[in-house]
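# Structural description and commentary
Residues per chain, in single letters:
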Amino acid sequence: KELNMYIPVRDETNFMIKYYQYLFNKYWGKHVQVYFLGYKKPDIKFDENMHFVSLAEKRIPEPTAWSGPVIDFFESIEDEYFHFSLEDLLIIRPVDLELIEVCKKMMNPTIGRIDLWNSAQYDPKRRSWVSYYKECDGIKFLKLRQDPPPYTYRVSCSNSIWNRKWFLKTLERGWSTGDWETKANDSRN
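Just so it is clear, the model here is predicted, and its values are computed rather than measured.

How each quantity is defined
- Residues numbered from 1 in each chain as written.
- Predicted model: local features only at pLDDT ≥ 70, side-chain atom pairs only at ≥ 80, totals over all residues.
- Heavy atoms only, no water.
- Phe/Tyr/Trp six-rings, centres within 6.5 Å; stacked < 30°, edge-to-face > 60°.
- Helix = DSSP H or I, 4+ residues; strand = E, 2+ residues; numbered from the N terminus.
- Buried < 20%, exposed > 50% of the residue type's maximum accessible area, 1.4 Å probe, protein only.

Right, let's get into the packing of aromatic side chains. The full count for this structure, using the stated rule, is 21 aromatic pairs. Geometrically, the ring pair formed by tyrosine 6 and phenylalanine 82 is edge-to-face, given 5.7 Å between the ring centres and 80° between the ring planes. Remark: phenylalanine 82 occurs in strand S4 (residues 81-84) and tyrosine 6 occurs in strand S1 (residues 5-8); sequence separation between them is 76 residues. Here tyrosine 6 and phenylalanine 82 have matching classes, each one buried. On the numbers, 5.8 Å between centres and 85° between planes, the contact of phenylalanine 84 with tryptophan 180 is edge-to-face. With phenylalanine 84 in strand S4 and tryptophan 180 in helix H5 (residues 177-183), the pair connects residues that are 96 residues apart, well separated along the chain. Each member of the pair, phenylalanine 84 together with tryptophan 180, is buried.

Let us look at unusual backbone geometry. Unusually for a residue other than glycine, aspartate 137 sits at a positive phi of about 50°. Among the structural elements, aspartate 137 can be located in the loop between strand S6 (130-136) and strand S7 (139-144).

This is the structure we're talking about:
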C-alpha cells in the first residue's frame with residue numbers, strides 16, 4: 001500500500017507548494033498522494049496527487065501555535081504509517097523507490113520513525129550514536145541510540161516514515177517545530 005505524504009505549511013510559505021509539487025512529482029512520482037496541511041488555500045493549480053487541507057481559517061502567529069492543529073489533524077486520520085516532511089525540504093534528485101518499499105516493509109508497531117535522510121552514520125564524530133538494527137532485503141538498517149547526546153534528533157521534521165501513534169506520542173500542544181525537534185528528543189521522554 002502506498003503511504004500518504006503530509007506536509008504542514010504556513011500562509012507565509014504557501015508559495016513553496018508549487019516548487020515542492022513540481023520537484024516531488026519529477027523525482028518521487030505522482031503515485032504518492034501529498035497533503036499540504038495549511039490554512040488559506042493558495043491560488044495555484046494542484047496536480048491530481050496534490051491536495052490542500054485547511055486546518056483552520058487562519059493560524060495564530062506564534063510559532064508555538066504549530067502543534068495544536070497538527071495534532072488535531074493526525075488524531076482524525078486512520079493512516080497507521082505515513083510520510084512526513086516540511087515544504088522547504090525539497091526533493092532535488094531521484095528517490096530510490098525500491099529502498100522506500102523496503103523501508104515501508106520494515107515499519108511495524110515497535111518502530112516509531114524511519115529517517116529517509118542521511119544521518120549520523122556518515123559523520124565520524126557521531127557514528128557511535130548508531131548501531132546495527134537488522135537487515136531487510138539486503139538493506140542494513142541502523143538504530144539511533146535512545147539516550148543520545150543533546151541535539152541528536154531522534155524526532156525530526158525531515159523526510160521520514162512515521163508510525164502515527166508514535167508521532168502523536170512525541171508531539172505536545174503549544175510546541176513549535178523547533179520545540180518538537182528539541183524537547184521531544186530529551187532522553188527523559
